[in-house]
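Examination of the molecular architecture
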Amino acid sequence: MKDILSNKNLNALIFSKSFFQFSFHIRIILFTWLAYEITQKDLWVGIVIGVGSSPIFISTFFGSYISEKYNINKILFISYISALILLLLFLFVDYDDIYLLMFLSIIFGIIPGIATTGFSTILVNTNKKEKLSKINSYYYLIIFFGEMINPIIVGYLLSDISIIYVIVFACVFLVFSLFLVAFHPADLQEKRKKDFNKYVSYLSILKNKPVIVWAVIIAAVQSIFGSTLFVVLPKYANLLEIGASGFGIMNGVVGGGLFFGSLFSIFTGVHKSRFSIWLLSSIGWDTGQVMFAFSDNYIFSLLCLFLMGFSAAYWMVSATLIFQEQTEKNDRNKIMGLFTLVSSLYFLGWLVGGIISDLSNAKTAIIISAISSYPIFIIAIIRSKQLRNI
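Thresholds applied
Residues numbered from 1 in each chain as written. Predicted model: local features only at pLDDT ≥ 70, side-chain atom pairs only at ≥ 80, totals over all residues. Heavy atoms only, no water. Helix = DSSP H or I, 4+ residues; strand = E, 2+ residues; numbered from the N terminus. Rg over C-alpha atoms; globule rule 2.2 N^0.38 Å. Buried < 20%, exposed > 50% of the residue type's maximum accessible area, 1.4 Å probe, protein only. Contact = heavy atoms within 4.5 Å. Areas by Shrake-Rupley, 256 points an atom, 1.4 Å probe, with all protein chains shown as cover. Lys, Arg positive; Asp, Glu negative; His and termini not counted. Charge placed at Lys NZ, Arg CZ, Asp CG, Glu CD. Phe/Tyr/Trp six-rings, centres within 6.5 Å; stacked < 30°, edge-to-face > 60°. pLDDT = per-residue confidence, 0-100. Axes fitted to C-alpha atoms, helices over the stretch in contact; angles between N-to-C directions. Parallel < 35°, antiparallel > 145°, perpendicular 65-115°, else oblique. Left-handed = near helix turned anticlockwise from the far one by under 90°. Nonpolar A, V, L, I, M, F, W, Y, C, P; charged D, E, K, R; others polar.

With that settled, consider the overall build of the chain. When helices and strands are counted, the chain shows 20 helices and 0 strands. Taken over C-alpha atoms, the radius of gyration comes to 20 Å for the chain, in line with the 21 Å a tight globule of 390 residues would show. Dimensions of the chain, computed from the C-alpha atoms along their principal axes, are close to 60 × 50 × 40 Å. Per-residue burial over the chain gives 59% buried out of 390 residues. The long-range fraction of contacts in the chain, counting pairs at least 24 apart against all pairs at least 6 apart in sequence, stands at 86%. With an accessible surface of roughly 16000 Å², the chain has 69% of that area assigned to carbon and sulfur atoms. Treating the 28 positive side-chain charges of the chain as one cloud and the 20 negative ones as another, the clouds have centres 15 Å apart.

What follows deals with the packing of aromatic side chains. Counted according to the given criterion, the structure contains 22 aromatic pairs. Both rings, one in F22 and one in F173, keep their centres 5.1 Å apart while their planes meet at 75°; by these two values the pair is edge-to-face. With F22 in helix α2 (residues 8-39) and F173 in helix α9 (residues 163-180), this residue pair connects regions lying 151 residues apart in the sequence. By the burial criterion, F22 is buried, and F173 matches it. Clustering of aromatic rings is evident, with ring pairs tying together F15, F19, F22, F169, F173 and F176.

Moving on to the confidence of the model for the chain. Averaged over every residue, the pLDDT of the chain is 81; residues scoring 70 or more account for 95%. Per-element averaging of pLDDT across the chain places helix α3 (residues 42-52) at the bottom with 73 and helix α5 (residues 72-89) at the top with 89.

To continue, consider the environment of M250. Within the element layout of this structure, M250 appears in helix α13 (residues 243-268). Given the relative accessible area of 0%, M250 is considered buried. Taking the C-alpha atoms as reference points, M250 and G146, 104 residues apart in sequence, are found 14 Å from one another. Here M250 is in contact with L233, Y236, A237, I242, F292, Y298, L302 and L305, once residues within four sequence places are set aside.

Moving on: the packing of helix α14 (residues 274-293) against helix α15 (residues 298-325). For any two helices packed against each other, the geometry is given by the interaxial angle and the distance between the axes. In the contact formed by α14 and α15, the axes pass within 8 Å of each other and the chain directions differ by 155°. When the axes of α14 and α15 are compared, the pair comes out roughly antiparallel. When the axes of α14 and α15 are compared, the crossing they make is left-handed. The residue inventory of the contact of α14 with α15, partitioned by class, reads 17 nonpolar, 8 polar and 2 charged.

Take a look at the structure:
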């Protein structure tokens, strides 16, 4: 771990991406709260956040392509400065207009697919695979520290001060991201040339790497159907009479679970069965969801959210590692693009969860979310020996 902490270029890469993620997370919290405050409907929370993620279908594939062709550090710099400009633009618009909020969400949704694909690729390109488990844990530790602290700060700013300060708070992180790009490790990957292309196709990856096929299917189902809780959190905050600050605390407790789960994973590692850890962490997340759905006690609800966050940290570390270890020199950009895509689909889960909650109720939506992925797990375990053995 000492060599990771002392690597200046690696830390610049990790912290610049982490600050970008902090600003993105703050924007999601803000848009979630505004969508519910404007409409008082879970469905509109799902629409604003879910539809806003729809560009990920194009931007991850585009990010894979341009990262094969152009310098990844330049791509990251352009992504970060684009996000900063959009956030500053938000200072001058009417954020009480739900349709404008949805439009801005869609524009914001373009950037993460490009930035995260580039970041994931250069991270694997510049580090040995045997170090990636600890590097992943370290990266997610930083990310989830922000997801623990930032929602509490955002909740306080929303309830006691002004939305403008929330936007400025997010912008400060992006300024740090832009500064740190100058210290990134060099992108030494040989780039795609017009007259010679040695990079493999997506079809070749899906045909020759069954582990990636099943990992994509499982992660996509979990992202789409397993994240309903975040759609109904504003409603539960109102039911528990805890308001915007309590809403921020609930998000912060999830972040706290993520932080301590990542910290714990640094010491335990994910050295044996990555797939078993993925399955066990999914069970932990879904158990927390069901208990939260039936809770009418604020403290117990927070404990459920902490369990979910702790489990999700191991999910992220193990799932990331499974994709990373399947990469080779000429398919890395596309495989990490696929991981970026499926791990980002949870925003569509907000749309699906919002629809289910609107048609039934919040409790039913959470229960459906909790049981949705296990048929796919069972099929994958039966059908894929390679997946069972990783």
